Amino acid sequence: MLEEVDWRGVPSPCYVLHEGMLAENMEVIDRVRREAGVEVIVALKANAMWSIFPELRRHSDGATASSLAEARLVFEEYGAPAHTYAPVYTEGEVEEILGYSSHITFNSLGQWGRFGERARRAGVSCGLRVNPEFSTVETDLYNPASPTSRLGVRSADLKEWPEGVEGLHFHSLCESRPADLRGTLAAVEERFGRFFPRLKWVNMGGGHLMTHRDYDEEELIGILRGFRARYPHLRVILEPGSAFTWDTGCLVATAEDKVCNGGVNTLMLNVSFACHMPDCLEMPYKPAVLGTHEPEEGEKRWRMGGNSCLAGDFCGDWAFDGGREPEVGERVVFRDMIHYTMVKTTMFNGVTHPSIGVWSRERGFRLVRRFGYEDYKGRMS
């Protein structure tokens with residue numbers, strides 16, 4: 001689908017969501033909802049592009065928020081109260097959060113004791129996050145289920161289920177497959193299954209990458225059906241983030257210079273890995289670039305250099321298809337840059353912030369938002 005886009009007509013830098021690619025993901029989401037009989041809600045922490053909320057709303061059962069700002073955005077732009085979970089709530093924000101929420105999950109018994117009764121009086125269904133102490137996530141930065149994790153209550157610390165808590169929430173997956181969920185569920189049932197008769201709902205968190213081309217959605221549906229058969233009284237909720245907008249668009253950059261130092265060829269871009277693609281450095285991972293491939297022995301390699309002053313603001317290497325030499329002024333298009341990109345960008349160095357746009361076959365490119373000096377100044381005041 002990306003080959004049909006004329007990238008020369010897209011401003012640079014710019015995040016561009018492709019409506020056709022989003023529609024393909026929605027088909028998978030709908031199938032899981034329908035055939036597994038579960039609720040699938042959108043996690044805003046992965047993508048809060050509210051211009052596409054009308055489309056997401058048609059293919060989901062709501063949205064989940066992790067802060068006051070996200071809860072308010074769900075309420076105002078998604079048109080429904082949020083399922084809210086945050087590692088910690090504060091006295092100054094909790095009342096407003098409750099006003100925007102239908103469900104609220106507490107991270108600890110201390111937070112439940114402090115704010116639980118207030119939430120119940122507000123008519124909000126309360127949940128407790130637990131730590132299954134099981135995870136297949138290998139990157140520590142994204143693994144919330146270690147025994148010393150600050151996220152969730154361990155079974156050893158939960159002698160009895162708190163009166164008034166209606167739901168159990170766990171989240172220990174990250175871009176995971178059905179087998180990872182199967183193992184997690186076994187740990188949850190072993191450690192917390194004794195409490196299930198007292199519950200109304202179970203939230204299985206995010207990390208279910210069901211729209212990845214290698215994901216076996218049939219296996220996922222089977223796992224969820226099996227769980228529902230064992231516990232037919234429970235509402236089952238999944239809250240993926242990446243799955244909704246996985247590989248649905250790009251970050252369009254421009255090559256502004258070429259440098260070669262110490263035998264390393266670097267294409268200097270008008271975007272920054274540190275500012276605009278931070279997961280490339282944090283995870284780390286190397287994104288796909290249109291018109292390039294993994295270098296083979298003897299091929300000329302190109303590192304991509306960001307435009308901030310951070311020494312480590314680069315990623316690489318790539319070889320351009322056909323052995324061609326990239327030119328200054330040409331577009332460089334990074335794939336799969338819609339989830340966990342816009343929501344994590346910074347304005348470090350005051351570098352030009354990418355615009356946001358949508359492309360469809362019917363309407364072509366349309367600009368959703370452009371950023372400028374006032375946005376930078378407003379953040380810094």
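Residues numbered from 1 in each chain as written. Predicted model: local features only at pLDDT ≥ 70, side-chain atom pairs only at ≥ 80, totals over all residues. Heavy atoms only, no water.

The next thing to look at is the sheet that holds strand β7 (residues 125-129). The parallel open sheet is built from nine strands, whose spatial order is β2-β10-β9-β8-β7-β6-β5-β4-β3. Every other strand in the sheet has two partners, leaving β2 (39-40) and β3 (42-43) as the edge strands with one partner each. Summarising the sheet, strand β4 (residues 63-65) and strand β5 (residues 82-85) pair through two bridges and their orientation is parallel. Note on β5: the bridge partner recorded for Ala 65 is Thr 84. Packed onto the sheet, helix α3 (residues 68-78) meets β3, β4 and β5 and runs at close to 155° relative to β4. (Pairing = 2+ DSSP bridges. Helix = DSSP H or I, 4+ residues; strand = E, 2+ residues; numbered from the N terminus. Contact = heavy atoms within 4.5 Å. Axes fitted to C-alpha atoms, helices over the stretch in contact; angles between N-to-C directions.)

Turning to the pattern of salt bridges, a few remarks are in order. Per the counting criterion, the structure on display carries 29 salt bridges. Arg 8 is the partner of Asp 6 in a salt bridge, and the nearest nitrogen-oxygen pair spans 3.1 Å. Of the charged contacts in the structure, one is a salt bridge between Glu 35 and Arg 34, with a shortest N-O distance of 3.9 Å. Owing to a relative accessible area of 57%, Arg 34 belongs among the exposed residues under this scheme. One network of salt bridges, with partners in common, ties together Arg 31, Arg 34, Glu 35, Glu 217 and Glu 218. (Salt bridge = Lys/Arg side-chain N within 4 Å of Asp/Glu carboxyl O. Buried < 20%, exposed > 50% of the residue type's maximum accessible area, 1.4 Å probe, protein only.)

At a minimum axis distance of 9 Å, the contact between helix α6 (residues 178-192) and helix α7 (residues 217-230) shows a crossing angle of 20°. Taken together, the axes of α6 and α7 lie roughly parallel to each other. Viewed along their axes, α6 and α7 form a crossing whose handedness is left-handed. Every residue of α7 that contacts α6 at Pro 178, Ala 179, Leu 181, Arg 182, Leu 185 and Glu 189 is listed here: Glu 219, Leu 220, Ile 223, Leu 224, Phe 227 and Arg 230. Here the contact of α6 with α7 is built from residues that sort into eight nonpolar, no polar and four charged. (Parallel < 35°, antiparallel > 145°, perpendicular 65-115°, else oblique. Left-handed = near helix turned anticlockwise from the far one by under 90°. Nonpolar A, V, L, I, M, F, W, Y, C, P; charged D, E, K, R; others polar.)

Let us now look at helix α1 (residues 19-36). Between its terminal C-alpha atoms α1 stretches 26 Å, which fits the 26 Å expected from 18 residues at 1.5 Å a residue. Within α1, burial applies to Met 21, Leu 22, Asn 25, Met 26, Val 28, Ile 29, Asp 30, Arg 31, Val 32, Arg 33 and Ala 36. (Expected span 1.5 Å × (residues − 1).)

Here we take up the nonpolar core. Leu 168, Met 204, Leu 224 and Phe 334 are the most contacted members of the largest nonpolar core, which has 90 residues in total. For this core, the element with the highest residue contribution is α1, accounting for six residues. (Core = buried A, V, L, I, M, F, W, Y, C linked by side-chain atoms within 4.5 Å.)

This part covers a nonpolar patch on the surface. Together, Leu 281, Leu 310 and Phe 348 line one region of the surface with nonpolar side chains, adding up to about 240 Å² of accessible area. With respect to the helices and strands, Leu 281 occurs in helix α10 (residues 279-282). (Patch = residues over 30% accessible without salt bridge, like charges linked within 9 Å, V, L, I, M, F, W, Y side chains within 5 Å. Areas by Shrake-Rupley, 256 points an atom, 1.4 Å probe, with all protein chains shown as cover.)

Here β5 shows a buried face lined by Ala 82 and Thr 84 and a second buried face lined by His 83 and Tyr 85. Read from β4 through α3 to β5, the crossover connection turns out right-handed. Here β5 pairs with strand β6 (residues 101-106) via four bridges, running parallel. Looking across to β6, one finds that Tyr 85 is bridged to Thr 105. For the crossover that starts at β5, traverses helix α4 (residues 94-99) and ends in the parallel β6, the hand is right-handed. (Right-handed = clockwise from strand over helix to strand, strands pointing away.)

For the peptide bond that leads from Met 283 to Pro 284, omega is -15°, which places it in the cis range. Structurally, Pro 284 is set in the loop between α10 and β13 (292-293). Cis geometry is adopted by the peptide bond preceding Asp 317, which originates at Gly 316 and carries an omega value of 10°. Counting through the fold element by element, Asp 317 comes out in strand β15 (residues 314-320). The backbone phi angle of Tyr 340 is positive, close to 50°, even though this residue is not glycine. Considering the arrangement of structural elements, one finds Tyr 340 in the loop between β16 (331-335) and β17 (355-360).

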